[in-house]
Amino acid sequence: SLMETIGFDEEELTANRDGYMTKRQCSILNNDQNWWHGINLLTIVITPLAIGLTFWDGIRVSDTISSRIGITVFILVIGIICYIYTHWKWKQVNTDLGKGNVISAEGTPKLKSFRERNGMKYTINIENSRFFVSKSVFEAFQLKTKYRVYYAPVSKRIISAEPVE
């Protein structure tokens, strides 16, 4: 069932219908926030470390500094892109936690799965909202059934869902 797959109970569904998250749901989002913050900090540590190792390797093999500029710029650009992305994801969850509200979308889901380099991705589209979900959540939704999905408005994380008549 959706309740088991997404991980909510009747009390949480009632709170979501009223437009807010429970403490437990906030705690789950807080775990997401901590994960993104950790990856963000890791990026801040790894980028200068990788640049330093690039120069150290250049010295070790008696290479010139100018020959290491290209790889250094590449590492820096990748580090900046990773930092911006992880900070943006952290900020989305942070905004949702700060507000603590839930909004809903209602309709018949359009389910789409597709392959990316790092595996399969699953999306559920309801109204004008698209949600990236796990395979188990994806498979819990049925075509031709109308649902009301409750979600965190900025990060678009599904908090709960229910079929509607």
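Bear in mind the structure is a predicted one, so any value in this text is a computation, not a measurement.

(A) How the structure looks around the overall build of the protein. Helices and strands together make up the secondary structure of the protein, namely 5 helices and 6 strands. Walking the protein from its N terminus toward its C terminus, one meets helices and strands in the order α-α-α-α-β-β-β-β-α-β-β. Relative to the 2.2 N^0.38 estimate, which gives 15 Å for 165 residues, the radius of gyration of the protein is 21 Å and therefore markedly larger than a compact globule would have. Across its three principal directions, the C-alpha atoms of the protein cover 70 × 30 × 25 Å. Buried residues in the protein amount to 34% of all 165 residues. Here the analysis covers contacts within the protein between residues at least 6 apart in sequence; of these, 56% occur between residues at least 24 apart. Total accessible area computed for the protein in this model is approximately 10,400 Å², and 58% of it derives from carbon and sulfur atoms. Here the protein contributes 20 positive and 16 negative side-chain charges, whose respective centroids are spaced 8 Å apart.

(B) Representation of the packing of helix H3 (residues 23–60) against helix H4 (residues 65–99) within the structure. At a closest axis distance of 9 Å, the pairing of H3 and H4 adopts a crossing angle of 170 degrees. Classified by the angle their axes make, H3 and H4 are roughly antiparallel. Residues that form the contact of H3 with H4 fall into these classes: 18 nonpolar, 13 polar and 5 charged.

(C) The sheet that holds strand E2 (residues 110–116), seen in detail. Sheet architecture is open: 3 strands sit in the order E2-E3-E4, paired in antiparallel fashion. The sheet is open, and its two borders are formed by E2 and strand E4 (129–133), each paired with just one other strand. Neighbour-to-neighbour, the strand axes of the sheet open up by a mean angle of 25 degrees, direction not taken into account.

(D) Structural view of the nonpolar core. Ile6, Ile124, Val133, Phe141 and Val149 are the most contacted members of the largest nonpolar core, which has 26 residues in total. Per-element accounting of this core gives the leading share, 4 residues, to strand E5 (residues 147–151). In this view, Ile124 contacts Pro109, Lys110, Leu111, Ser129, Arg130, Phe131, Val133, Val137, Phe138 and Phe141; residues no more than four positions away in its chain are not counted.

(E) The packing of aromatic side chains, seen in detail. Within this structure, the stated rule accounts for 6 aromatic pairs. Chaining the aromatic ring pairs together yields one cluster made of Trp35, Trp36, Tyr85 and Trp88.

(F) How the structure looks around the environment of Leu41. For Leu41, the position within the fold is in helix H3. Residue Leu41 is classed as partly exposed on the basis of its relative accessible area, which comes to 41%. For the pair Leu41 and Gly119, spaced 78 residues apart in the sequence, the C-alpha separation amounts to 25 Å.

(G) Quick look at the side chain of Arg68. Inspection of the secondary structure puts Arg68 in helix H4. Side-chain polar atoms of Arg68 contact the backbone oxygen of Thr54, separated by 3.4 Å.

(H) Structural view of unusual backbone geometry. For Ser62, which is not glycine, the phi torsion reads 55 degrees and is therefore positive. Structurally, Ser62 can be placed in the loop between H3 and H4. For Lys156, which is not glycine, the phi torsion reads 60 degrees and is therefore positive. Structurally, the position occupied by Lys156 is in the loop between E5 and strand E6 (158–163). The partly exposed category is assigned to Lys156, whose relative accessible area is 30%.

Calculation notes
The numbering scheme is per chain: residues are counted from 1 as the chain's sequence reads. Under the rules for a predicted model, residues below a pLDDT of 70 receive no local features and side-chain atom pairs below 80 are neither given nor counted, while totals for whole chains, interfaces and linings still include all residues. Only hydrogens and water are set aside when side-chain values are computed; all heavy atoms of the structure are taken into account. Secondary structure is summarised from DSSP: a helix means a run of H or I of at least four residues, a strand means a run of E of at least two, and numbering begins at the N terminus for each. In this description the radius of gyration comes from C-alpha coordinates, and the expected globular size is given by 2.2 Å times residues to the power 0.38. Burial status follows relative accessibility: with a 1.4 Å probe on protein chains alone, a residue under 20% of its type maximum counts as buried, one over 50% as exposed, and anything between as partly exposed. We call two residues in contact when some of their heavy atoms are within 4.5 Å. Each accessible area is a Shrake-Rupley result for a 1.4 Å probe, and residues are judged covered by the shown protein chains and nothing else. Two residue types count as positive, namely Lys and Arg, and two as negative, namely Asp and Glu; His and chain ends fall outside the count. We put the charge of a Lys on NZ, of an Arg on CZ, of an Asp on CG and of a Glu on CD. Axis lines are fitted through C-alpha atoms, for helices just across the contact stretch, and the angle between N-to-C directions can take any value from 0 to 180 degrees. Throughout, the term roughly parallel applies to angles under 35 degrees, roughly antiparallel to angles over 145, roughly perpendicular to angles from 65 to 115, and oblique to all others. Gly is put with the polar residues, along with every residue not named as nonpolar or charged; the nonpolar set is Ala, Val, Leu, Ile, Met, Phe, Trp, Tyr, Cys and Pro, and the charged set is Asp, Glu, Lys and Arg. When DSSP finds two or more bridges between two strands, those strands count as paired. Joining through side-chain atoms within 4.5 Å is the link that ties buried Ala, Val, Leu, Ile, Met, Phe, Trp, Tyr and Cys residues into a set, and such a set is a nonpolar core. Geometry of aromatic contacts follows a simple scheme: Phe, Tyr and Trp rings, the Trp one being its six-membered ring, pair when their centres are within 6.5 Å, and the pair is stacked under 30 degrees between planes, edge-to-face over 60, tilted otherwise. Pairs of N or O atoms are called polar contacts if they sit within 3.5 Å, as long as, within protein, a hydrogen donor faces a hydrogen acceptor (for residues adjacent in sequence, only side-chain-to-side-chain pairs).

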